[in-house]
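Each chain, written out:
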Amino acid sequence: MSYLRFEKAMMTNLGEALSRELLRTNRSGAYSCSTIVDCNTSKYHGLLVVPIPEFDNENHVLLSSLDATVVQHGAEFNLGLHRYKGENYSPKGHKYIREFDCDKVPTTLYRVGGVMLRKEVVFRHYEDCILIRYTLVDAHSATKLRFRPFLAFRSVLEFTHENSVASREYHNVDNGICTCMYAGYPNLYMQFSKKNDFTFVPDWYRALEYPKDKDSGYYSDEDLYVPGYFEIDIKKGESVVFAASTSEVKTRSLKALFDKEVEERSPRNNLFHCLVNAAHQFHNQTNKDERYIISGYPWFKCRARDTFISLPGLTLAIEEQHYFELAMKTAERGLREFMEGKPLTVEICEMEQPDVPLWAIWAIQQYAKEAGEEKCIKMYGSLVRDIVGFIMNGNHPNLTLETNGLLRTEGKEKAVTWMNSTVKGHPVVPRTGFIVEFNVLWYNALKFAANLADCVNSEKDAVMLEEQAEKTRKSFVATFVNEHGYLFDYVDENMADLSVRPNMIFAVAIDYSPLDRSVQKSVLDVCTRELLTPKGLRSLSPKSNGYTPMYVGEQAQRDLAYHQGTAWPWLGGFYMEACLKLYKQTRLSFIERQMIGYEDEMGINCLGTIPEMSDGNPPFRTRGAMSFAMNVAEILRTLKILEKYTYKKVDV
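In this report, we go over the structure that sits alongside the text. (Residues numbered from 1 in each chain as written. Predicted model: local features only at pLDDT ≥ 70, side-chain atom pairs only at ≥ 80, totals over all residues. Heavy atoms only, no water.)

## Some remarks on the overall build of the chain
So, point 1. Summing up its helical and strand segments, the chain has 18 helices and 35 strands in all.
So, point 2. The C-alpha radius of gyration of the chain comes to 26 Å, within 12% of the 26 Å expected for a compact globule of 652 residues.
So, point 3. If you line up the chain on its principal axes, its C-alpha atoms span 85 × 55 × 45 Å.
So, point 4. Each of the 652 residues in the chain was classed as buried or not, and the buried ones make up 62%.
So, point 5. Long-range pairs, those at least 24 residues apart, make up 66% of the contacts in the chain between residues at least 6 apart in sequence.
So, point 6. Carbon and sulfur atoms make up 49% of the accessible area of the chain, which totals about 25600 Å². (Helix = DSSP H or I, 4+ residues; strand = E, 2+ residues; numbered from the N terminus. Rg over C-alpha atoms; globule rule 2.2 N^0.38 Å. Buried < 20%, exposed > 50% of the residue type's maximum accessible area, 1.4 Å probe, protein only. Contact = heavy atoms within 4.5 Å. Areas by Shrake-Rupley, 256 points an atom, 1.4 Å probe, with all protein chains shown as cover.)

In structure tokens, the structure reads:
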């Protein structure tokens, strides 16, 4: 049985089916996304959603959906599904679904009387082109398929409504049509592998409703334009391929092209393979020389901090060192431009955040473990040295090395850490002064840089870095360790934040810890008691003031809760690494049980990936973006670490 397979009982239960989404990306910024019953429930959903750099920095929904109708003996059976205002669903095509399988490519099997129709979908890599193959598995009489495209031509942040400006013009192309609703948008080509008849019957379908947007307090109604419908005769055993693209395709090659795309897909038959597939979805190639990591779907862009935290898990943990090097080459260019005070020529935002260079060194450190110190020095030795020098010389605009060896950051008026939610322009969590993970990363960077300097026989530099690291270590312990057995989250002048937060876990998980073993164990124990959930670490302990575990309500309410108790899987990855580091094989079974919470995510919410976060209280309902790079990365890295410990256990 397939790892990601759902039968009729679940598919026809909209309460279950509509919560499960499916994401496909083309590794160039475009994506295709809907629920597994093809009912769009969010303005971000669409069959073909592409970036249009000429307009803005957002994605745009061109083709919202495609309804297929089986026609026999004049009777029509529409397989589509839409939600209209008033919670009305029509035409309720989900009742014909017999099963859904997402092992290699998303495959839906429909049964209408004696008709069995299979639908398979792929998104071409590096092309703005979605392909759908319909195969008539069984039929006892003449059968037609009718296809009705629903067009949007809008930003994912907006909605389409009936208007007189939208163009109704179209022209015929090979086995299809080409149309464009508004000036400046790319043409949308809709073509089939077989000759068909297109009937021009322009109309607006009004008052479609997106419940996910409605539940979040946003506007949620839309009208979609349908230019007409295509009709094709199909015989038992025959397949027809539909292509929606921003450029014309050669229809004679569509069947072979679909087969080729399927052949390139790897099966999602276990947790690891699902996450590998998800890792590839974050790849983004904008031109021949640049590679990026998209922070998440459907609304995130490429962010500097997320890139460096994600890179080791998304590449090294799955033995794709080459993509690490390609993405790091692009990121290094942006990082150096920032350090030199030049405008960025790469499409990476938030490079100015103070912990970004520190996470860059951490990512390079993980590379050294996989590729070896010699190659690491050759590839990134100068970058590590330059970052450390940049910080020590006081060149970062918001990172000051104090005389006690700790880094100070100003974060009262602007969010400067990963806990970056704001309300009315001010940080919800104003972490400022000496921030715990910044200084953990700084100590780790100094020790790692000293080790690299020692490897190239630069004894003077190694000694200087070790001396600086020792000063940082002593001050870290004196500043952050408290009598309650955990670490202050941040310390600003005479104020120490007593909130129990997960940022202290890095002081245990990271390679060079400034803490002795007894304090590390105490920190881990506090994280286990107060922060651990099946979906990661809470961003705040239930015992701390301000605990808000439910990420619900309108935007301002959700922003207030964003880092005040929600659980984050990527932090769970560092927690599991810390457990194994301290307790090794004795905690192996505990970690394996902890991984069950992440494996559960494969078949719920967005299939085969890990969403942004969860509520901090049971039942730990998933919230935020449907697929989040740092989460996928850290669970992949944990699987890699587990593999090493399992091997050691067997070897012993």
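## Here's the deal with the pattern of salt bridges
So, point 1. Under the counting rule described, the total for this entry stands at 46 salt bridges.
So, point 2. Arg 5 is the salt-bridge partner of Glu 7, the closest N and O atoms lying 2.9 Å from each other.
So, point 3. You can call Glu 7 partly exposed: its relative accessible area is 45%.
So, point 4. For Arg 5, a relative accessible area of 24% gives the class partly exposed.
So, point 5. Here the salt bridges share partners, and the residues they tie into one network are Arg 118, Glu 120, Arg 133 and Asp 259. (Salt bridge = Lys/Arg side-chain N within 4 Å of Asp/Glu carboxyl O.)

## Side note on the pairing of strand β14 (residues 170-173)
So, point 1. Sheet analysis places β14 next to strand β15 (residues 176-179), joined by 4 bridges and oriented antiparallel. Within β15, the position partnered with His 171 by the bridge is Cys 178.
So, point 2. Between β14 and β15, which follow one another and run antiparallel, lie 2 residues, and Asn 175 among them has a positive phi close to 55°. (Pairing = 2+ DSSP bridges.)

## Some points on the packing of aromatic side chains
So, point 1. For the coordinates displayed, the defined rule picks out 38 aromatic pairs.
So, point 2. Centre to centre, the rings of Tyr 367 and Tyr 380 are 5.2 Å apart; their planes meet at 85°, and the pair counts as edge-to-face. With Tyr 367 in helix α8 (residues 356-371) and Tyr 380 in helix α9 (residues 373-392), this pair connects stretches of sequence that are 13 residues apart. Here Tyr 367 and Tyr 380 have matching classes, each one buried.
So, point 3. Over the ring of Tyr 218 we find Lys 43; its NZ or CZ atom is 4.8 Å from the centre of that ring.
So, point 4. Over the ring of Phe 434 we find Arg 408; its NZ or CZ atom is 4.4 Å from the centre of that ring. (Phe/Tyr/Trp six-rings, centres within 6.5 Å; stacked < 30°, edge-to-face > 60°. Lys NZ or Arg CZ within 6 Å of the ring centre and 35° of its normal.)

## Focus: the sheet that holds strand β12 (residues 129-138)
So, point 1. Strand order in this open sheet of 9 strands is β1-β9-β10-β11-β12-β19-β16-β15-β14, and the pairing throughout is antiparallel. Only two strands of the sheet have a single partner each, and these edge strands are β1 (5-7) and β14. Pairwise comparison of adjacent strand axes, ignoring direction, gives a mean angle of 15° for this sheet.
So, point 2. Note: strand β10 (residues 107-112) against strand β11 (residues 115-123), 6 bridges, orientation antiparallel. Within β11, the position partnered with Arg 111 by the bridge is Met 116.
So, point 3. With respect to the sheet, helix α4 (residues 254-264) is in contact with β11, β12, β16 (188-192) and β19 (239-245), its orientation differing from that of β12 by roughly 100°. (Axes fitted to C-alpha atoms, helices over the stretch in contact; angles between N-to-C directions.)

## Thoughts on the layout of surface pockets
So, point 1. Size it by volume and the second largest pocket reaches roughly 490 Å³.
So, point 2. Around the second largest pocket, the lining comprises 22 residues; the ones closest to its centre are Pro 51, Asn 57, Asn 284, Thr 286 and Glu 347.
So, point 3. Broken down by element, the lining of the second largest pocket gets its largest block of residues, 3 residues, from strand β20 (residues 283-287).
So, point 4. Across the lining of the second largest pocket, the residue classes tally to 11 nonpolar, 7 polar and 4 charged. (1 Å grid on protein atoms, 1.4 Å probe; cavity = no way out; pocket = protein on both sides within 12 Å on 5 of 7 lines; lining within 4 Å. Points joined across faces, edges and corners; volume = space filled by probe spheres on them. Nonpolar A, V, L, I, M, F, W, Y, C, P; charged D, E, K, R; others polar.)

## Description of the packing of helix α7 (residues 321-339) against α8
So, point 1. Viewed as axis vectors pointing N to C, α7 and α8 meet at an angle of 155°, and their least axial separation amounts to 12 Å. On the basis of their axis angle, the class for α7 and α8 is roughly antiparallel. For α7 against α8, the interelement crossing comes out left-handed. Counting all contacts with α7, which are made through Gln 321, Phe 324, Glu 325, Met 328 and Leu 335, the residues of α8 involved are Val 356, Pro 357, Ala 360, Ala 363, Ile 364, Tyr 367, Glu 370 and Ala 371.
So, point 2. Taken together, the residues of the contact of α7 with α8 sort by class into 10 nonpolar, 1 polar and 2 charged. (Parallel < 35°, antiparallel > 145°, perpendicular 65-115°, else oblique. Left-handed = near helix turned anticlockwise from the far one by under 90°.)

## Quick word on the environment of Ala 633
So, point 1. Relative to the helices and strands, Ala 633 is located in helix α18 (residues 629-651).
So, point 2. Those residues in contact with Ala 633 that lie beyond four places of it in its chain are Ser 310, Gly 313 and Leu 314.

## Quick notes on unusual backbone geometry
So, point 1. Following Ser 90, the chain continues into Pro 91 via a peptide bond in cis, with omega recorded as 5°.
So, point 2. Mapped onto the secondary structure, Pro 91 falls in the loop between β8 (88-90) and β9 (97-101).
So, point 3. Here the amide bond leading from Pro 618 into Pro 619 is cis, since omega sits at 5°, within 30 degrees of zero.
So, point 4. Locating Pro 619 in the fold gives a position in the loop between β33 (613-614) and β34 (622-623).
So, point 5. Of note in this structure, Lys 92 is not a glycine but carries a positive phi near 65°.
So, point 6. In this structure, Lys 92 sits in the loop between β8 and β9.

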